[in-house]
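Residues per chain, in single letters:
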Amino acid sequence: MATATPQHRAAEARADGTAELGDAAFQAVFDAAVAADERIEPRDWMPDAYRATLVRQIAQHAHSEIIGMQPEANWITRAPSLRRKAILMAKVQDEAGHGLYLYSAAETLGTGRDELLDKLHSGRQKYSSIFNYPTLTWADVGAIGWLVDGAAITNQVPLCRCSYGPYARAMVRVCKEESFHQRQGYELLLALSRGTEAQHAMAQDAVDRWWWPSLMMFGPPDDESAHSAQSMEWKIKRHSNDELRRRFVDICVPQAESLGLTLPDPELRWNEERGQHDFGPIDWSEFKAVLKGNGPCNEQRITQRRRAHDEGAWVREAAAAHAAKHSPATREGRAV
Ligand code: FAQ
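A brief report on the enclosed structure follows. In this text the structure is predicted, and so the values were computed from the model without any measurement.

Contact geometry of helix H3 (residues 48–67) with helix H6 (residues 113–121) gives a least axis separation of 11 Å together with a crossing angle of 70°. In terms of orientation, H3 and H6 fall into the roughly perpendicular class. H6 is crossed by H3, and the crossing has right-handed handedness. For the pair H3 and H6, contact is made by Val-55, Ala-59, His-63, Ile-66 and Ile-67 and by Leu-116, Leu-117 and Leu-120, respectively. Across the contact of H3 with H6, the residue classes tally to seven nonpolar, one polar and no charged.

What follows covers the packing of aromatic side chains. Scanning all chains against the criterion turns up nine aromatic pairs. Between Phe-30 and Trp-45, the aromatic rings sit 6.3 Å apart at their centres with planes inclined by 75°, giving edge-to-face as the arrangement. Of this pair, Phe-30 sits in helix H2 (residues 23–35) while Trp-45 is found in the loop between H2 and H3, placing the two residues 15 residues apart along the sequence. The class for Phe-30 is buried, based on a relative accessible area of 0%. Of the residues examined, Trp-45 reaches a relative accessible area of 19% and is grouped as buried. When the centroid spacing of 5.5 Å and the interplanar angle of 85° are considered together, the rings of Tyr-50 and Trp-234 count as edge-to-face. In this pair, Tyr-50 is assigned in helix H3 and Trp-234 in the loop between helix H10 (228–233) and helix H11 (241–259), connecting sequence segments 184 residues apart. Directly above the ring of Trp-75 sits Arg-78, whose terminal nitrogen or CZ lies 3.8 Å from the centroid.

This next bit is on the pattern of salt bridges. In total, this model carries 17 salt bridges according to the counting rule given. Of the charged contacts, one joins Glu-187 and Arg-83 as a salt bridge, the two residues approaching to 3.5 Å between their closest N and O atoms. In this pair, Glu-187 sits in helix H8 (residues 165–193) while Arg-83 sits in helix H5 (residues 82–107), placing the two residues 104 residues apart along the sequence. Under the relative-accessibility criterion, Glu-187 is labelled partly exposed at 32%. Look at Arg-83 and you get partly exposed, because its relative accessible area is 48%. One salt bridge in this structure joins Asp-278 and Arg-274, with 2.6 Å as the shortest N-O distance. Judged by relative accessible area, which is 41%, Arg-274 ranks as partly exposed. Taken together, the shared-partner salt bridges in this structure form one network comprising Glu-72, Lys-91, Glu-95 and Asp-149.

Moving on, we come to the site of the ligand. Around the ligand, the surrounding shell holds 36 residues, and the nearest of these are Gln-60, Lys-126, Ser-225, His-227 and Lys-237. Contact distances for the ligand include 3.4 Å between a nitrogen atom and a backbone N or O atom of Met-216. Between Ser-225 and the ligand, the recorded distance is 2.7 Å, taken from a side-chain N or O atom to an oxygen atom. Considered on its own, the ligand offers 1100 Å² of accessible surface; in the complex 91% of this is hidden by protein. Breaking the shell around the ligand down by element, the ones donating at least two residues are H3, H5, helix H7 (139–156), H8 and helix H12 (284–294).

How each quantity is defined
- Within each chain, residue numbers correspond to sequence positions counted from 1 in written order.
- Given that this is a predicted model, residues contribute local features only at a pLDDT of at least 70 and side-chain atom pairs are listed and counted only at 80 or more, while totals for whole chains, interfaces and linings are drawn from all residues.
- With hydrogens and water set aside, each side-chain value is computed from the structure's full complement of heavy atoms.
- Working convention: axes come from line fits to C-alpha atoms, limited for helices to the stretch in contact. Angles between N-to-C directions cover 0 to 180 degrees.
- By the criteria applied, helices consist of DSSP H or I runs no shorter than four residues and strands consist of E runs no shorter than two, each listed in order from the N terminus.
- Every angle not falling under 35 degrees, over 145, or within 65 to 115 is termed oblique; those three ranges are roughly parallel, roughly antiparallel and roughly perpendicular.
- Put simply, a crossing is left-handed when the front helix is turned counterclockwise from the back one by less than a right angle, and right-handed when it is turned clockwise.
- By definition, residues are in contact when any of their heavy atoms lie within 4.5 Å.
- Note on residue categories: nonpolar means Ala, Val, Leu, Ile, Met, Phe, Trp, Tyr, Cys or Pro, charged means Asp, Glu, Lys or Arg, and polar means any other residue, Gly included.
- In this scheme Phe, Tyr and Trp rings, the latter by its six-membered ring, pair at centre separations within 6.5 Å, and the angle between planes marks the pair as stacked below 30 degrees, edge-to-face above 60, and tilted otherwise.
- Burial classes: relative accessible area under 20% of the type maximum marks a residue as buried, over 50% as exposed, and values in between as partly exposed (1.4 Å probe, protein chains only).
- Charge over a ring is defined by NZ of Lys or CZ of Arg lying within 6 Å of the ring centre and within 35 degrees of the ring normal.
- In what follows, salt bridge is the name for a side-chain nitrogen of Lys or Arg lying within 4 Å of a carboxyl oxygen of Asp or Glu.
- Nearness of a residue to a molecule or strand requires only that one of the residue's heavy atoms be within 4 Å of it.
- Contacts described as polar in this section are N or O atom pairs within 3.5 Å, which, within protein, must combine one atom able to donate a hydrogen with one able to accept it, while residues neighboring in sequence count only if both atoms come from side chains.
- Residue-level accessible areas treat just the shown protein chains as cover; the underlying method is Shrake-Rupley with a 1.4 Å probe.

Set out below in structure tokens:
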């Protein structure tokens, strides 16, 4: 049997009149739970702003997973072998699954999937900047796996310790799958890098194009990050955007060396004093332009997403009709 959290016990005490608890008391129980690293669960009291921040972040995350299917799916029909095709299909399918866990996590906060998809389709909610770049060659599939999934893991492993239970638990499985995705990207790039001169050049070109946008995935620099301070206080985020970005650079440098590829940053070097790599300036004007809708593929991605949603209407209707037909109420009616 699940143990009731302190939050839940407080809510029950108020409901059955054994305690006169106002919102200040609930806030105190919530604060104590966060301070003690306990999980906040769907039935627990939570501040409205905490709920709104979670819905914003989880929705953006879910949207990223399903929009993120597009750049790679672009290569399924052109994968160079059956093995590569099977791997890529499985990966793209995994991303759809991640979207589903995340929309379900948002549902536990009282926000339905229809509402969130509507916000995505009407441009009222964001998805990750990274998916507004084109996949021009087969090597881009490798670069996405290595760099984009690699950045996603760096950001998401700490989210397994997020204070909101359903989001944290969804992240555990997502991270395991992302880890497979990252390795398949690395392995693909390694094969190209060790291949012909043309294949090596293709791999290098892909890394040149995906490196900087991957660093932008971590969000704006800390001094411009609107939500970081509060999200870290609530233990939704465990590390700042810049901290995770630096960690990612440190992870990638030796991996690029093993791959025999160069990261496109002449200022990248080990800083003995800090025990981390220094790297060159990020072009934040590009990031801002992509967020405003002016990236190379924003228009294409959202148009394709809206079309897929419209074309899938019959599937949703059929699934709802099937569920209604097999619901206990319908079965009982039939029995009578
Ligand atoms: N793109 O105050 P902050 C993946 C927005 S999943 C677009 O720093 P926060 C798997 C931010 O929303 C990739 N917008 O925000 C995969 C906010 O706007 P708002 C997605 C961005 O929330 C692989 C504003 O800027 N992962 O790749 C971006 O504290 C391969 C101010 O920023 C997640 O979503 C951006 N890069 O920190 C799938 C992880 N960065 O809402 C397919 C969960 C910031 O005020 C294929 N999310 N913004 O209008 C997070 O960890 C955080 O939300 C951050 C941003 C770190 C992304």
